[in-house]
Each structure stands twice: as C-alpha cells, then as structure tokens.
Amino acid sequence: MKFSDRIQRVKPSPTLAVTAMAAQLQSQGIDVIGFGSGEPDFDTPQNIKEAAIKAINSGKTKYTPSGGIPELKEAVVKKFKRDNNLEYQLSEVIINCGGKHSFYNLIQVIIDDGDEVIIPSPYWVSYPDMVLLAGGKPVFIETDISTGFKIKPQQLEQKITSKTKAVVINSPSNPTGAAYTRHELEELARVLEDKDLIIISDDIYETIVYDGFKFFNIANISEKIKEKTIVLNGVSKTYAMTGWRIGYAAGNSDIIKKMDILQGQSTSNPTTISQWAAVEALSGDQSVLDHMLVAFDRRRNFVVDGLNNIPGLKCYKPEGAFYAFPDCSEVYKLKGWSKVSEKYKDDYKSSSLCAYLMEEARTAVVPGIGFGNDNYFRISFATSDEKLKEGLKRIKEAIEKLV
Ligand SMILES: *Cc1c(COP(=O)(O)O)cnc(C)c1O
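Residues numbered from 1 in each chain as written. Predicted model: local features only at pLDDT ≥ 70, side-chain atom pairs only at ≥ 80, totals over all residues. Heavy atoms only, no water.

Student: Now, about the packing of aromatic side chains: what can you tell me, with residues and values included?
Tutor: In this structure the tally under the stated criterion is 16 aromatic pairs. An angle of 90° between the planes, with centres 5.5 Å apart, marks the rings of Tyr205 and Phe322 as edge-to-face. With a gap of 117 residues between them, Tyr205 in the loop between β6 (198-202) and α9 (223-228) and Phe322 in the loop between α12 (288-308) and β9 (323-324) connect regions that are remote in the sequence. For the pair formed by Tyr205 and Phe322, the shared burial category is buried. Residues Phe322 and Tyr323 carry aromatic rings whose centres are separated by 5.0 Å and whose planes lie at 55° to one another, so their mutual orientation is tilted. Tyr323 matches Phe322 in its accessibility class, with the two residues each being buried. (Phe/Tyr/Trp six-rings, centres within 6.5 Å; stacked < 30°, edge-to-face > 60°. Helix = DSSP H or I, 4+ residues; strand = E, 2+ residues; numbered from the N terminus. Buried < 20%, exposed > 50% of the residue type's maximum accessible area, 1.4 Å probe, protein only.)

Now the structure itself:
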C-alpha cells in the first residue's frame, strides 16, 4: 500500500507511545509507574459532570452549529474578559474538539507548502508534525536551562524570513514549564509588531502557575499585537477534562471563519454534551481549581528536589504546567552508560535512557528527543504523591547503578 506523502511526514506521538507501552506492561501484571501522560490525575469536578448529565437528560444530544453553540462561545468571550482582559466578538471565537484540534485547524487554514512556522524548542510534540502535515516547515529556536528555556528577542529576529507565516508561544510550556513574564513578552512583541505574521498563543496551562506567577498574554500588549494573535486554549488541563475534547480559539474573524469551514467538512461540531459541560466549567465556580493547584505545587517541589538529588540530573524549577524536564546529559557520561547504550542501541540517547528506566526502574518517562532535545526527559507530576515517591526512588536507584 502506498500511503500519502502527507501521512508519511508525520510520526506517532511519543507521549502517547510511552503511555501505551506502560499500559501494556501493566496489563501483563508488571508494576510500571506511569509518568508519561500529560493529563491531570484528578477527576472532572462534579458540577461539570452534572451539567453534562443534565444536557443528556434534556435532549441536548444532536448536532450543533459546526463551530460550537452560542452559549459556549459566549462563555469563552466572558472568560477572556474576566481572566485576560481581552475583548472578543462571538464571530472571533470557535469551539474545537480539544486544544490540539484548535492548533490543527488553524495550521491547516494558514499554512501553504514551504511556509515557515517558528517553534521554540523544546516544544510540545505535536506542533512540528502538524506543521509538516500541512506542508509547512517548522523552524526551531533552541533554548536550554541556562535561559530558563525562553527565547530571546534577537533569536526571534534572526529566524524571521519572508516565508515566516506564524510564531508559536506556549507559556507555560509543555514540556519545560517555562512561563514568560509580561516584560519578556513585551520584548518579543517589539520584534513581532511590524512583521506580517500570525502569533499563535497556546495558553492551555494558563491557570497552572506557581509561586504567585502572573500569567500574561502577548495579545494584551497592544491592539496591533492582538490583531495578529490567535489565542488557543481549552478545558482539558485546567478542569481535568482531557477526555471531553473541548478546545477553543479566538482572534481574527476571517481566520476563525475558515477554521469553521474546515471543521464543517471534517469533524463537524465538538461533542454536544461536552460543549454544555464546558459552559459550566468556564462559567461555574472556579474555586474547584484551588485544591488541584495546591497538590500540583506540592508535587512540583517534591519532584524537582528529588531529581536534583540524583547523580547526573539537573532540573529547572518550572513556573507552570505539571512537568519536570531534567537535563540528563551528565548521565550519558557516567561509567555504566556504555552498557545502556549497547543494550538499547537506540538512535537517541534519551530514548535509550527511557528504555533503561522502563526496564530497570519500571517507570515510564518520555525521551526528550520527542520534544526536540536529546539531553532531557520529561516526567509528568500530575500523578499521586505515593507514585511520585516510589517512582523517584526507583529512578534514583537505577541511575546510581550507572555511577
Ligand atoms: C495538552 C495540550 C494541548 C491541548 O490538549 P487537548 O487535550 O487537545 O485539549 C495543547 N497544547 C499543549 C502544549 C498541551 O500540552
């Protein structure tokens, strides 16, 4: 079978692959601790579930307009006003089948063959592949622990060409947890202000920030910047609703209209029941988020300290999201490393390390290469304190064997 060129440009999501491998071992009775998946371990709050049940019982189970029900668009508009001080019309908002789908649809309607999309690296695994699928070219800006994984204005300036169609800002970031301050975004905005390009602001982790960090959106800087910016967000991470599949986008109404046309010829509307649940999530009591944040913060401190106590690992303390992204390049220099690299023979060191940790420590973590950097791996700390404690102990023992 000859498959399309399009699909051959795309690789499977490494985070989903690690999660699937851990699940397979677990089903064989092997006790693997999964730190792979990027989703909160909390249950969806009760008020949101009840809104969904009510929707089912009142017959809200049919097609809706492809771009979403007006009630949810209205709730999104109010959310932007309330939380971000951003004003949008209903025509500037679309509801999609998850935040991933919002990015997908956006890229499909703006990218032609050869168009460039600037992506700070390490990046969320899906950005480059979705750009490649559309025929575009991902252009990476490398960052590392020394700059807190943030890009500098000069780096951005250097990468912009006549082919640049869009720039991605994901703050707080998956996988690094780095979040840009208002001042840092103002500096980037100065570079972007007069350029003919679209700023894609993926705000999916906006509410998951620590130590009093104030989330800020680049669209707040000026009307000129706001006009260029498409804000992407969703309910998956904030409200522990990953399985409900609701994301949304806001910005230029011409772009939103095209995304709606694409959606109308592909998925049609996001699940009706989930849309009503999302209305409650965005408009209902927001205090349900507080206990999740307290737990995430406790786990963040525990994991970062724990990782920094393991030989060869150096971990930056994330300002947001629920991932730790330790630098493991010193592990590759340990005495026992040659045995690991011989045994797993993977093209990438981070993949060999993760295979070793899966087998030796029975812990599932994601190789950094999937996020664009082989010197790291990713641990999701959106899991129970007990699992984190046990998992870190196992990782420590496994890596100490290499010393
Ligand atoms: C999880 C995530 C999303 C959206 O996920 P959905 O489940 O599709 O809503 C978007 N961007 C980043 C960076 C993410 O980590």
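Student: An account of the sheet that holds strand β12 (residues 377-380) is requested, with residue identities and associated values reported.
Tutor: In space, the three strands of this open sheet follow the order β9-β12-β11, with antiparallel pairing throughout. On the outer flanks of this sheet lie β9 and β11 (366-367), each paired with one strand and no other. Pairing of β11 with β12 involves two bridges; the strand directions are antiparallel. Residue pairing in the sheet places Pro367 in a bridge with Phe377 of β12. (Pairing = 2+ DSSP bridges.)

Student: Just give me the short version of the pattern of salt bridges, but keep the residues and values in it.
Tutor: Throughout the structure, instances matching the rule amount to 26 salt bridges. Two residues, Asp43 and Lys49, come together in a salt bridge whose shortest N-O distance is 2.7 Å. Residue classification places Lys49 among the partly exposed positions, given a relative accessible area of 25%. A salt bridge links Asp194 to Lys224, with the shortest nitrogen-to-oxygen separation between them at 2.6 Å. Here Asp194, found in the loop between α8 (182-192) and β6, pairs with Lys224, found in helix α9; they are 30 residues apart in sequence, far enough to count as distant. Looking at Asp194, the relative accessible area reads 59%, which means it is exposed. Through salt bridges that share partners, Asp31, Arg362, Glu390, Lys393 and Arg394 make up one connected network. (Salt bridge = Lys/Arg side-chain N within 4 Å of Asp/Glu carboxyl O.)

Student: Lay out the site of the ligand with the relevant residues and their values.
Tutor: Neighbouring the ligand are 13 residues; Gly99, Asp202, Tyr205, Lys237 and Arg245 lie closest to it. A distance of 2.7 Å separates a nitrogen atom of the ligand from a polar side-chain atom of Asp202. In isolation the ligand has 390 Å² of accessible area, and contact with the protein removes 94% of it. Broken down by class, the residue content of the shell around the ligand amounts to four nonpolar, five polar and four charged. (Near = heavy atom within 4 Å. Polar contact = N/O pair within 3.5 Å; in protein donor to acceptor, adjacent residues only side chain to side chain. Areas by Shrake-Rupley, 256 points an atom, 1.4 Å probe, with all protein chains shown as cover. Nonpolar A, V, L, I, M, F, W, Y, C, P; charged D, E, K, R; others polar.)

Student: Just give me the short version of the packing of helix α4 (residues 70-84) against helix α11 (residues 272-283), but keep the residues and values in it.
Tutor: Close contact between α4 and α11 brings their axes to 9 Å; oriented N to C, the two are set at 20°. Classified by the angle their axes make, α4 and α11 are roughly parallel. Relative to α11, the crossing made by α4 is left-handed. Where α4 abuts α11, its residues Glu71, Leu72, Ala75, Val76, Lys79 and Arg82 lie against Gln275, Trp276, Ala278, Val279, Leu282 and Ser283. Grouping the constituent residues of the contact of α4 with α11 by class yields seven nonpolar, two polar and three charged. (Axes fitted to C-alpha atoms, helices over the stretch in contact; angles between N-to-C directions. Parallel < 35°, antiparallel > 145°, perpendicular 65-115°, else oblique. Left-handed = near helix turned anticlockwise from the far one by under 90°. Contact = heavy atoms within 4.5 Å.)

Student: Could you give an account of the domain arrangement of the chain, naming the residues involved and the relevant values?
Tutor: Looking at the chain, the domain boundaries give domain 1 (5-43 + 289-400) and domain 2 (46-286). Each of domain 1 and domain 2 has a C-alpha centre, and the two are 26 Å apart. Listed per partner, the contact involves 38 residues of domain 1 and 38 residues of domain 2. Contact between domain 1 and domain 2 buries roughly 3200 Å² in total, counting both sides, with carbon and sulfur atoms accounting for 59%. The largest per-residue losses of area from domain 1 upon contact with domain 2 belong to Leu289, Tyr316 and Glu319, which jointly make up 21% of the total buried on that side. Put simply, domain 1 and domain 2 have four salt bridges between them. If you look at where domain 1 meets domain 2, you find 17 residue pairs in polar contact (both at pLDDT 80 or more). For the side of domain 1 that touches domain 2, the secondary structure elements donating two or more residues are α1 (5-8), α2 (14-27) and α12. (Domains from an automatic or database assignment. Buried area = accessible area lost by both parts, 1.4 Å probe.)

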